[in-house]
Amino acid sequence: NDFFEWNFKLYFIYYIPLNKATINNQLDIVYYILSKRDSINDNRFEHSRNLKRIIIPPSIKSIGIGSFGNCNKLEDVFISFSTTTIRDFAFYQCKSLKQIIFPSSLKIIGSKSFYECNSLKKVIIPRSVVKIGDLAFASCNSLEKVVFKNFSPFLSLEQNAFNNCPHLSEIIVH
């Protein structure tokens, strides 16, 4: 049953114009199939009410401003190994986001990228990250733990990146 449902959704995404499906909030799983593109346009999936999971393919280097902002049912984001930039507000107010897996290619996490992602409990920042923007993870009410994996001395951690995270009790630097 899951196999059929997954194949149907991929078929659905491929054959129905992406803009129409996004506007009508008919997507609940996205695998950004437009493999000839190297970025996801600004605000492309913003306010998609039923979006639950995103798998970003290897062709995508940059996730645009507000691309997935305010997707209230979004729970999981898997970003491929070649993405280098998550721009400002990319996942802001994704209140159900529980898991985000950052690739080792990631260099920039923009301002307010994960602002008010209230279900996010743990973040692992790879060594490749050189900039975390202002208020990037601010007001993540459930955030408990941040891990800087193989900490880079070149990391620019901007002002208030983890501001107003009342449950943040553990920051680990490797």
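Data block above holds the structure.
Residues numbered from 1 in each chain as written. Predicted model: local features only at pLDDT ≥ 70, side-chain atom pairs only at ≥ 80, totals over all residues. Heavy atoms only, no water.

Draft legend 1. Highlighting the sheet that holds strand β11 (residues 145-148). Pairing in this open sheet of 3 strands is parallel, and the strands run β9-β11-β13 from one edge to the other. Either end of the sheet is taken by a strand with one partner, and the two such strands are β9 (122-125) and β13 (170-173). Taking each pair of neighbouring strands and ignoring which way they run, the sheet shows an average axis angle of 10°. Relative to β13, β11 runs parallel, the two sharing 4 bridges. Within β13, the position partnered with V146 by the bridge is I171. (Pairing = 2+ DSSP bridges. Helix = DSSP H or I, 4+ residues; strand = E, 2+ residues; numbered from the N terminus. Axes fitted to C-alpha atoms, helices over the stretch in contact; angles between N-to-C directions.)

Draft legend 2. Molecular detail of the nonpolar core. Core analysis: the biggest nonpolar cluster contains 38 residues, and F68, F91, F102 and F137 have the highest contact counts within it. Elements with a contribution of two residues or more to this core: β3 (53-56), β5 (76-79), β9 and β11. When sequence neighbours within four positions are dropped, the list of residues in contact with F91 reads I54, I63, F68, G69, L74, V77, I86, S113, F114 and C117. (Core = buried A, V, L, I, M, F, W, Y, C linked by side-chain atoms within 4.5 Å. Buried < 20%, exposed > 50% of the residue type's maximum accessible area, 1.4 Å probe, protein only. Contact = heavy atoms within 4.5 Å.)

Draft legend 3. Representation of the pattern of salt bridges within the structure. Per the stated rule, a full pass over the model turns up 4 salt bridges. Residue D76 pairs with R53 through a salt bridge whose shortest N-O separation is 3.6 Å. Taken together, the residues span a long stretch of sequence, with D76 in strand β5 and R53 in strand β3 at a distance of 23 residues. In this structure, the salt-bridge partner of K131 is E158, at a minimum N-O distance of 3.4 Å. (Salt bridge = Lys/Arg side-chain N within 4 Å of Asp/Glu carboxyl O.)

Draft legend 4. How the structure looks around the layout of surface pockets. Within this model, the largest pocket holds a volume of roughly 180 Å³. Looking at the largest pocket, the residues that line it are I100, I101, F102, S104, I124, P126, R127, S128, K149 and N150. In the lining of the largest pocket, the residues fall into 5 nonpolar, 3 polar and 2 charged. (1 Å grid on protein atoms, 1.4 Å probe; cavity = no way out; pocket = protein on both sides within 12 Å on 5 of 7 lines; lining within 4 Å. Points joined across faces, edges and corners; volume = space filled by probe spheres on them. Nonpolar A, V, L, I, M, F, W, Y, C, P; charged D, E, K, R; others polar.)

Draft legend 5. Spatial organisation of the state of the cysteines. Counting across every chain of the model gives 0 disulfides. Not engaged in a disulfide, the cysteine C71 finds its nearest cysteine sulfur in C94; these two sulfurs lie 5.0 Å apart. Overall, C71 belongs to the buried group, its relative accessible area being 0%. Looking at C117, it has no disulfide partner, and the nearest cysteine sulfur is the one in C94, 5.1 Å off. (Disulfide = S-S within 2.5 Å.)

Draft legend 6. Representation of empty space enclosed by the protein. Following the criterion strictly, the structure yields 1 cavity of 30 Å³ or more and no others. Taken as a whole, the largest cavity holds about 40 Å³ of empty space. Along its surface, the largest cavity is lined by I125, P126, R127, V129, F148, K149, F151, S152 and L155. Here the lining of the largest cavity is built from residues that sort into 6 nonpolar, 1 polar and 2 charged.

Draft legend 7. Quick look at the sheet that holds strand β2 (residues 39-40). Taken together, 6 strands build an open sheet; the order of strands is β2-β4-β6-β8-β10-β12 and the sheet is parallel. What marks the edges here is a single partner per strand, and that holds for β2 and β12 (156-157). Summarising the sheet, strand β6 (residues 85-86) and strand β8 (residues 108-109) pair through 2 bridges and their orientation is parallel. Bridged to I86 within β8 is I109.

Draft legend 8. Seen up close, a nonpolar patch on the surface. A grouping of I108, V130 and F154 is seen on the molecular surface, where their side chains present a nonpolar patch of about 280 Å² in accessible area. Residue position: I108 is located in strand β8. (Patch = residues over 30% accessible without salt bridge, like charges linked within 9 Å, V, L, I, M, F, W, Y side chains within 5 Å. Areas by Shrake-Rupley, 256 points an atom, 1.4 Å probe, with all protein chains shown as cover.)

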